[in-house]
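Observations on chain architecture
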Amino acid sequence: MSNQTNVSIFPEKYLSDQQNRLVIMAALAPVAGKTRFQPAGFPEIGHVIYSTPDNQKVCIVDSAASMANHLETVCVQGFDLSLVDELDGLPYVKCIIGQNRDELVATSLSEGHRLASYYFLNGNRVINNTIEEKKFGEVLLADEFRLRNLAKKTHPLPAQWWNVFSAIFRYDPNSLVHGILFPAMGIKLPRVLTATLDAFGADRIATSGVKFDKISKKDPKNPGQAIFSKDEESASEIRATFTIDLSLIRSFGRGNEGLNDAQKQLILGFALWKIKKLIGSSFRFRSECDLELTGLQIDGKVSKVSDLAVDIETLIKNAGFQDPRVTEIYWDENELFKPAKDIPEDGSEDPDDGDDQSDEDE
């Protein structure tokens, strides 16, 4: 990394300029002086290592989708999914169940599809302690996005995109930061913040483990001693790259339509806040992948993590959100949950499982 002057981030400055992208690169290393780490594994192919045109081996430690999930975990407390104090007042959506409608199932910060999750679109919103008759997806389509229902051909007309941006921002600004897809409404918004985590000069380390089951009674599929192999990696450099699409943020509003300047500044400030939270201290991406910051560049200039500081509380306050900030979507738990089936003691598959799984996927 080159030696240049430090920089500071001001959301209003970057949005008033004509710059298209803001690129932040963080050099990371395993904590405690370790020399190996565990990348994400992908179905059927395991860890991915590819060769660049200059014959450098690069390992994908985390994909863009996986990094988005990590950037969302910094917004909530460990297990109960409540917002961290700094984000107090930020809108999001809850899926709830229970006789008293107080049992949390998921939020738009924990669901992969965010505001477009099945668990929100197909549940019923709770307003003033009353459950609406229309599904929340119908509310968004007709009352918020104000689209014509053309069944499979439903899509926003050009002027209706302002309604789409404003409504998504009102219910869940996080969905604008990380992108969102409503397939049935013809709405697809790319990520404002795209992050990747790669290891350069990577080399695979084959290791193994063993699981002992001295009782061997409850798990007929895996009795006794099971030996398994696993891979870890070493690398000369681990680099997280964060790219913020400033042009996309600007496109969310124009004049009195869509998002205003303060709301656009919150989108950018929220992205910067997430990055600072993720790299500001060591972060455990998975069991054997605990990484800490060793160097930072912002816009190609050597920087400190404090240069990413934004006043997120003021940005939330200035965005003009109205109460209620948290939207509750109710489900009858008998409709939401499907009871699990016991595995027969002989380990055979239940013949009904396949059909049931197919129905679930559809």
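No experiment lies behind these values; they were computed from the predicted model shown. (Residues numbered from 1 in each chain as written. Predicted model: local features only at pLDDT ≥ 70, side-chain atom pairs only at ≥ 80, totals over all residues. Heavy atoms only, no water.)

**Considerations on the environment of Asp85**
As for its placement among the helices and strands, Asp85 is situated in the loop between α2 (64-73) and β4 (92-97). Asp85 sits in the exposed class, given a relative accessible area of 65%. Sequence separation between Asp85 and Cys75 is 10 residues, and the spatial gap between their C-alpha atoms is 9.1 Å. (Helix = DSSP H or I, 4+ residues; strand = E, 2+ residues; numbered from the N terminus. Buried < 20%, exposed > 50% of the residue type's maximum accessible area, 1.4 Å probe, protein only.)

**Structural notes on the confidence of the model for the protein**
Across the protein, pLDDT averages 89, with 88% of residues at or above 70. Counting contacts from residues 1-6, a segment whose pLDDT is below 50, to residues more than four positions away or on other chains yields 19 contacts. Low confidence marks residues 349-362, where pLDDT is under 50. Its contacts with residues over four positions away, or in another chain, come to seven contacts. (pLDDT = per-residue confidence, 0-100. Contact = heavy atoms within 4.5 Å.)

**Side note on empty space enclosed by the protein**
In this structure the tally under the stated criterion is one cavity of 30 Å³ or more. Counted as a void, the largest cavity has a volume near 40 Å³. Looking at the largest cavity, the residues that line it are Leu28, Leu278, Ile279, Ser281, Ser282, Phe283, Phe285, Leu291, Glu292 and Leu293. Looking at the lining of the largest cavity, the elements with two or more residues in it are α8 (261-279), β16 (283-286) and β17 (289-298). When residues in the lining of the largest cavity are grouped by element, the largest group, three residues, is from β17. Across the lining of the largest cavity, the residue classes break down as seven nonpolar, two polar and one charged. (1 Å grid on protein atoms, 1.4 Å probe; cavity = no way out; pocket = protein on both sides within 12 Å on 5 of 7 lines; lining within 4 Å. Points joined across faces, edges and corners; volume = space filled by probe spheres on them. Nonpolar A, V, L, I, M, F, W, Y, C, P; charged D, E, K, R; others polar.)

**Observations regarding the pattern of salt bridges**
Overall, the coordinates contain 14 salt bridges when judged by the stated rule. The partner of Glu232 in a salt bridge is Arg36, and the shortest N-O contact between them spans 2.9 Å. You can see Glu232 sitting in strand β12 (residues 224-234) and its partner Arg36 sitting in the loop between β1 (21-30) and β2 (49-51), a full 196 residues away along the chain. The closest approach of N and O atoms between Arg325 and Asp323, which form a salt bridge, is 3.0 Å. Taking relative accessible area as the criterion, Arg325 reaches 26% and is therefore assigned partly exposed. Because the salt bridges share partners, they merge into one network encompassing Arg204, Asp231 and Glu233. (Salt bridge = Lys/Arg side-chain N within 4 Å of Asp/Glu carboxyl O.)

**Focus on helix α4 (residues 136-144)**
Within α4, the full set of buried residues consists of Phe136, Gly137, Val139, Leu140, Leu141 and Glu144. Residues of α4 that are buried make contact with α3 (118-121), β6 (124-127), β7 (130-135), α5 (161-171), β8 (180-182) and β19 (326-330). Where α4 ends, the next residue or the one after it, Arg146, has phi of about 55°, a positive value.

**As for the packing of aromatic side chains**
Taken as a whole, this structure holds 10 aromatic pairs when the rule is applied. Here the aromatic rings of Phe136 and Tyr171 are separated by 5.3 Å at their centres, their planes lie at 80°, and the arrangement is edge-to-face. Taken together, the positions of Phe136 in helix α4 and Tyr171 in helix α5 put the pair 35 residues apart, joining distant regions of the chain. Given the relative accessible area of 0%, Phe136 is considered buried. (Phe/Tyr/Trp six-rings, centres within 6.5 Å; stacked < 30°, edge-to-face > 60°.)

**Observations concerning the pairing of β17**
Where β1 lies against β17, seven bridges are found, and the strand directions are antiparallel. Residue Ala29 lies in a different strand from β17, and its bridge partner there is Glu292. As paired strands, β16 and β17 are joined by three bridges and run antiparallel to one another. Paired with Phe283 across the bridge in β17 is Leu291. Across two bridges, β17 lies against strand β18 (residues 301-302) in antiparallel orientation. Its bridge partner lying in β18, Gln297 is registered against Val302. The turn joining β17 and β18, which pair antiparallel and follow one another in sequence, is formed by two residues; a positive phi near 55° is taken by Asp299. (Pairing = 2+ DSSP bridges.)

**Examining a nonpolar patch on the surface**
A contiguous nonpolar patch, built from Val210, Phe212 and Ile227 and spanning about 320 Å² of accessible area, is present on the exposed surface. You can see Val210 is positioned in strand β11 (residues 203-213). (Patch = residues over 30% accessible without salt bridge, like charges linked within 9 Å, V, L, I, M, F, W, Y side chains within 5 Å. Areas by Shrake-Rupley, 256 points an atom, 1.4 Å probe, with all protein chains shown as cover.)

**Concerning α8**
Over its 19 residues, α8 runs 27 Å from end to end, which matches the ideal 27 Å to within 8%, given 1.5 Å per residue. Burial of α8 is extensive: 15 of the 19 residues sit out of reach of the surface. The distance from a side-chain oxygen at the start of α8 to the backbone nitrogen of Ala262 is 3.1 Å, and the residue carrying that oxygen is Asn260. (Expected span 1.5 Å × (residues − 1). Polar contact = N/O pair within 3.5 Å; in protein donor to acceptor, adjacent residues only side chain to side chain.)

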